[in-house]
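Here is what each chain is made of, one letter per residue.
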Amino acid sequence: MDYKSEIAQVLSGITGLDFDNVYKLIEIPPQSDMGDFAFPCFVLAKTMHKAPQMIATDIAADSAFKSMQWLDKSVNVGPYVNFYIDRGVFAKDTLGTIINLGDRYGEENIGEGKTIIVEYSSPNIAKPFHVGHAFTTIIGNSLAQIYTKLGYKVIRMNHLGDYGTQFGKLITAYRLWGDEQKLNESPIDELLRIYVKFHEEEKNDPELTIAARDNFKKLEDGCPDEVALWEKFRDMSLVVFNKLYDRMGLTFDNYNGEAYYAKMSDDVVNMLKEKNLLVESEGAQVVDLEEYGYPPCIILKSNGTTIYATRDLAAAMYRYENYKFDKNIYVVGIPQALHFKQVFAVLKKAGFDYADKCEHVGFGLVKFKNNMKFSTRDGNIVLLEELIDESVAKTKEIITNNCKQRGVDMTDDEINMISEKVGLGAVIYTYVKSGREKDIVFSWEEMLDFEGDTAPYLIYTYARTRSILRKAKEQGLEPSLKSLDLLTNDDEYLLIRALGDFKDAIVKAANNNEPFMVMRQVSLIARSYNRFYNNSSILGADTEELKCARLALCEAVCDTIKSGLALVGIDVVERM
Ligand code: ARG
C-alpha cells in the first residue's frame, strides 16, 4: 500500500490544495517518535487566514483520518500534523507482500516496453584484465540487473578494444618471437611479453616500425593471414575474459568491438560530410563544437585514418538502428567524460535526437592500502583475478578458523564453495558500497571484516538467519503470516520499514545509475535486523504465535538481502 499517496489524497480533500502539491509537501520526520509522515501547514496560512498551528489542530482532528484503518493516529505538533501508521497493519501489509514475492520482491514494471543498452566491461584485447576494468564490469552488471528488475529490456554490450595500430605490432612480434604453446597456455601473458619485446627492439630497429605499419594496413584491408592472426588473438583473449566473467556470473548480449565499428567509419564520415559538419583543421577533418563549449571532435586524422571517437559515433548509430533504445548507457571511467560529451554533441549536431538518450556513467579510481602486496610482474597493474584469488584465500583462512573455534564440521568442498562466494562478494562489494565517482581504496582488514560494512557481514547475517529458520523447522515451527500484527516493537517496526523501503531504493538507484543506493538499503536492513536479533528472542519468544511471526520476519529479511545482493552480482550461502 502507498501510505503517502493515501494521506495526500485525504489532505488534498480537506485543504483544497491539489494532490501533487500536497504530496510534495509531505515529509518523513527525522525521528520515528514523531510519526511516519508529517505535513507542514505554513503554506495554508495565507489562503485560510489562520495561524498554521490552528490549521494543524483542525486537520489532525478531521474525521476523515479516523476512518482510515491503517492509520493509528494523526496528531498536531505546532504547525505540523504528524501521522502514525498502525504498526500491526503495516507489518502485515509489508511482510505479506515480501513473503509472497520471495526473491522477486522489488520487481516493478516501470520499464515495460522500454529498451536500455548498458555498455560495460569493454576490456582491451591482448591486455591484462586489471582492477580498473573491474569497476565498469561490476557497476555495469549491477545496472543491467537493476534495470531488468524494473522491467526494462536490457541489452548488455561489451565494446571490446580490439582495434588499433598495436595489432600491427602484435602481428609483427608474433611472427618473429611468438610461442604457440605459451599462447595456448596463457594467452594474455604471451601477448603482453611479445608486445613489450616489440617496443624494446623497435628502439634499435626502425624496420620493425615499418613492418608493423604494413601489417596493420593489411589487417585493415582484410588480408586473410593478418585477419586470421588478429582473430586468434581476439578469440584467445576472450577465452581468458570469459573465464573471469563465468566466475563472476556475468553474460553479455553483444561483443562487437571497435574493429566492428571501424568498418562503418566511412559511413560516419560521409554522413557528416553530407550534413556539412566536417571542417578542416590542421589537415584533419573535425566537427566544430564551440557552441557546446567543447574542443572540436576529430573524425579523420591528417593521414586519413579514423579515431576512437569516429568508431563510437558508428557504434551509437548502430545501436539506435538495431535496438531503438530508450536509453544508452556507457559505464566508462571519468577520464573519458569529455570524449563522450563530444561524441554525444556530434550526434546532436547531426540531428539525431537519440543523442539525448545517451549517457556516460563514470566512476573513480582504484587504489590499494600500502600493506596490500601483489606478486605482479608488471609494477603497477593489479589483475582482477589475483585480487579475487587472494580475497578467496584469506576468506578461507577465516572460515576454517571459525569452524575450528565453533566446533563446526564442514567438508573441504563446502569450505571452498563458501570461501569463493564470500571472497568474491567482498571484492564486488568494495566497488558498490559507495557512490561510483568516489575513488576506492582496498584494504584486507576492511573488506573482510565480518562485522563491518562488508559483503561477509551481509552474507553472514543471511546465513545465520537461515540457520534460525532451519532450527525452527526442526522444532516444528514455520514462519506464519497469521499474526504479523504482533510485530510492533521499535526494533521490529524500524526493520520492517527498512524492508519496505527496499523497492524505492531500487528505483532511486536506477534514476541515479548508482548501485550503492541498493547496497545502502541492504546494509540498513542487516543492521536493523541485527539490532532486533540482539534485543528480542526469536525462538524463545513468549508465545508460539509470536515465534512464528518473528520467523516470518526472518524470512522476509532473507528474501530481501538475497535479492538485494543479487542486484550487484553477489551470491549468498545457506550456512557459514
Ligand atoms: N576499451 C576502452 C578502455 O579500456 C573502453 C571502451 C569504452 N567504451 C566506448 N564505447 N568507448 O579504456
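See the structure printed just above.
Report follows, based on the coordinates.

About the thresholds
Residues numbered from 1 in each chain as written. Predicted model: local features only at pLDDT ≥ 70, side-chain atom pairs only at ≥ 80, totals over all residues. Heavy atoms only, no water. Helix = DSSP H or I, 4+ residues; strand = E, 2+ residues; numbered from the N terminus. Buried < 20%, exposed > 50% of the residue type's maximum accessible area, 1.4 Å probe, protein only. Near = heavy atom within 4 Å. Polar contact = N/O pair within 3.5 Å; in protein donor to acceptor, adjacent residues only side chain to side chain. Areas by Shrake-Rupley, 256 points an atom, 1.4 Å probe, with all protein chains shown as cover. Arc of directions from axis to C-beta. Contact = heavy atoms within 4.5 Å. Pairing = 2+ DSSP bridges. Axes fitted to C-alpha atoms, helices over the stretch in contact; angles between N-to-C directions. Phe/Tyr/Trp six-rings, centres within 6.5 Å; stacked < 30°, edge-to-face > 60°. Lys NZ or Arg CZ within 6 Å of the ring centre and 35° of its normal.

1. A few points about the environment of G304
Within the fold, G304 resides in the loop between β8 (297-300) and α15 (308-323). Accessibility expressed as a relative area gives 47% for G304, which makes it partly exposed. Residues G304 and Q285, 19 residues apart in the sequence, show an inter-C-alpha distance of 8.7 Å.

2. Some points on the site of the ligand
The full set of residues close to the ligand is E119, S122, N124, H133, H159, Y308, D312, Y330, V332, Q336 and F340. For the ligand, a nitrogen atom lies 2.7 Å from a polar atom in the side chain of Y308. Burial of the ligand by the protein chains amounts to 87% of its free accessible area of 350 Å².

3. Examining helix α14 (residues 265-274)
Taken together, the buried positions of α14 are occupied by S265, V268, V269, M271 and L272. Projected down its long axis, α14 carries its buried residues within an arc of 165°, all on one side. Away from its buried face by more than 90 degrees, α14 exposes D266, D267 and E274. For α14, the secondary structure elements touched by its buried residues are α13 (258-262), β6 (278-281), β7 (284-287), β8, α15 and α16 (337-349). A positive backbone phi angle near 60° is found at N276, which sits one or two residues after α14.

4. Overview of the sheet that holds β8
Paired through their backbone hydrogen bonds, the strands of a sheet run either parallel or antiparallel. The 3 strands lie next to each other as β6-β7-β8, forming an open sheet whose pairing is antiparallel. Strands with a single pairing partner mark the edges of an open sheet, and in this sheet they are β6 and β8. When strand polarity is set aside, the average angle formed by the axes of neighbouring strands in this sheet is 50°. Both β6 and β7 contribute to a ladder of 4 bridges, which runs antiparallel. By the bridge assignment, S281 is partnered in β7 with A284.

5. So, the packing of aromatic side chains
As enumerated under the stated definition, the model contains 32 aromatic pairs in all. Pairing Y431 with F442 gives two aromatic rings, centres 5.4 Å apart and planes at 70°, and the pair type is edge-to-face. You can see Y431 sitting in helix α18 (residues 412-432) and its partner F442 sitting in strand β12 (residues 440-442), a full 11 residues away along the chain. Each of the two residues, Y431 as well as F442, counts as buried. Joined through ring pairs, the aromatic side chains of Y120, F129, F241, Y245, F252 and Y255 make up one cluster. Seen from the ring of W177, K197 lies directly overhead, with NZ or CZ sitting 5.2 Å from the centre.

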